[in-house]
Each structure stands twice: as C-alpha cells, then as structure tokens.
Amino acid sequence: MFLFSKFVWVFGQPLSLAFLFVVLALVAGLVRWRSTSLASSAIAGFILFVTLYTTVGNYLLQGLEGRFVKPQDPASLQCMIVLGGAFENEVNTARHGIELNAGADRFVEALRLAQKYPQARILISGGDGSISGIYEGDAVISARFFPMFGITRERLVEETTSRTTFENAMNTKDLLASQGLSNCLLITSGYHMPRSVGIFRKLGIDVMPWPTDYRTDGRERLGLDFTQPSRNSQNLATAIREWFGLVGYYLAGRTSELYPG
C-alpha cells in the first residue's frame, strides 16, 4: 500500500499528468493519429493553465483548512501529538542539522505550547517516508530540535517508524497506551487535519484537533491569477494529494467518513 500510494502520486499530480499528455500527443503525432494528438495537447495545455494561472488549488486547499477551527489555548495540557512532515530529512541526514520546510509551523506551534505548558509531554510521530528509507525521520530530528530551546528530551516520546498518516495513528495508539497518555492535542497542517482526524477517530483515539501551517488566507475565490504560478501549482498539488488520501483511506476502510469535520 505504501509503495502503491507513492507511485500513484508520482504520476497523478498535475504537472506529471500534463507531461504524460504531452508525451501522448508526440507519440500520436508520430503515428499520425492527428485527432488524438490534438486532443492530448489540448488537455495538457488545459491542465497547465489551471495549475499555474488559476486559484483552483488555493480554493481547494482553503476548504480543507476550514474543516477544523483551532480553539483557544486550554487551561491545562497533558500531552500533544505532532505529526511529522516539517523537516528536510534528506538534508538533515547528510548535514546533521535542523532544516525546516514549509510545514515548520507544526513544530513551531508545538514548541510554543511546550514552553507554555511545561508539564505537557510531546509525542512526535514521524519516520522516514521516502521510498528508500535511508533518511532520518522527523521524530529523530526532533530529539535535536526541542532541546535547543530548553525542552528536555525526557518530555519527548519518539515514534520513529511510521511512513504514512495511517501508520502515524497506528503507532501512536500503542505509545499513548504504554505512556498512560490520553486526550492529547493533535498538531498538524490545517489541510492535513481532516484525514488525520478521520484516521484517529476510526482507531478510537480521542484527540483535540489543533490545526496549524495554514497556506491560504481563508478568503480565496475561484478565478485567474497570473502573479504567482509556482504557489498556485504547489497548492493545487497539495490539495489533490490530500483528496487522493481522503478518498483512498475511505475506500480502504481506514476512515469512517469521506470528509471528516
């Protein structure tokens, strides 16, 4: 399932689809299937235009981010679960540093809460999600990250083997039981929260959704946008990938709701 999902995404993301239709158009042109070549070229152009020059991706991502609203800080806090996906694992493994990516807010928010609630435990769930499996995961790197800011390693619970969100939840369930922890905050990116909560609910893990790492301002509308094609492309890819996960997990019985909220 892990490898299958990886390969599906390699060819299922918008720019890959556009490339495949370009290749199909070229092949069809070589064998003189003119109508197929023209149709494939048109589809490739349409995908590229929507991906680069419209707000479709931002709009879809905004919908995912709006499913759960972050509540006010609680009066007290026993524990928090931080899902991995915030570190540049390949770079950190090679350079033994702490390089953060676009999902860094997951750990910035966890650090803020850890300093505000000094009694709270921090469970970091995240192994190496690459196909090769040769890199340090977020849980390993976090053991270097948190002590730099005065958070002792004794407060950390490291789940180092998960590669997917489903494995995050499965492995976390066992660790929560062994550590005697319950009713934790679940910290992950806003767009990733619906799928994460759906899996945790299915496994009977009671968590308080704590979304962070927002990519939109919450006021996106469908339309044209020629000013930031790279952002439009990235957000559409992120939204489509998340919807692949929502549908796939629902069909596989890993969640009880298609669109948890």
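Residues numbered from 1 in each chain as written. Predicted model: local features only at pLDDT ≥ 70, side-chain atom pairs only at ≥ 80, totals over all residues. Heavy atoms only, no water.

## Observations concerning the UniProt feature "domain: DUF218" (unreviewed entry) in the chain
Thinking step 1. Under the present numbering, the feature "domain: DUF218" (unreviewed entry) in UniProt falls on residues 79-245.
Thinking step 2. Each end of residues 79-245 is marked by a C-alpha atom, and these two atoms are 27 Å apart; helix forms 41% of the span and strand 16%. (UniProt positions renumbered as here; feature names shortened; annotations may be inferred. Helix = DSSP H or I, 4+ residues; strand = E, 2+ residues; numbered from the N terminus.)

## Examining the state of the cysteines
Simply put, the disulfide is a covalent bond whose two ends are the sulfur atoms of two cysteines.
Thinking step 1. Within this structure, the stated rule accounts for 1 disulfide.
Thinking step 2. With its sulfur 1.8 Å from that of its partner, Cys-79 forms a disulfide with Cys-184. Taking the sign of the torsion about the S-S bond as the criterion, the disulfide between Cys-79 and Cys-184, at about -90°, is left-handed. Remark: Cys-184 occurs in strand β4 (residues 184-189) and Cys-79 occurs in strand β1 (residues 79-83); sequence separation between them is 105 residues. Comparing Cys-79 with Cys-184 shows no difference in burial state: the two are buried. (Disulfide = S-S within 2.5 Å. Buried < 20%, exposed > 50% of the residue type's maximum accessible area, 1.4 Å probe, protein only.)

## Some thoughts on the pattern of salt bridges
Thinking step 1. Taken as a whole and assessed by the stated rule, the structure comprises 12 salt bridges.
Thinking step 2. Glu-109 serves as the salt-bridge partner of Lys-70, at 3.8 Å between the closest nitrogen and oxygen. Separated by 39 residues along the polypeptide, Lys-70 in the loop between α4 (56-65) and β1 and Glu-109 in helix α6 (residues 105-116) bring together distant segments of the chain.
Thinking step 3. Exposure remark for Lys-70: the relative accessible area of 28% places this residue in the partly exposed category. (Salt bridge = Lys/Arg side-chain N within 4 Å of Asp/Glu carboxyl O.)

## Let's talk about the packing of aromatic side chains
The description of two aromatic rings rests on the distance between their centres and on the angle between their planes.
Thinking step 1. According to the stated counting rule, one finds 12 aromatic pairs in the structure shown.
Thinking step 2. The ring centre of Tyr-249 lies 5.3 Å from the NZ or CZ of Arg-195, which sits over that ring.
Thinking step 3. Across the ring face of Phe-166, the terminal group of Arg-254 is positioned such that the distance to the ring centre comes to 4.0 Å. (Phe/Tyr/Trp six-rings, centres within 6.5 Å; stacked < 30°, edge-to-face > 60°. Lys NZ or Arg CZ within 6 Å of the ring centre and 35° of its normal.)

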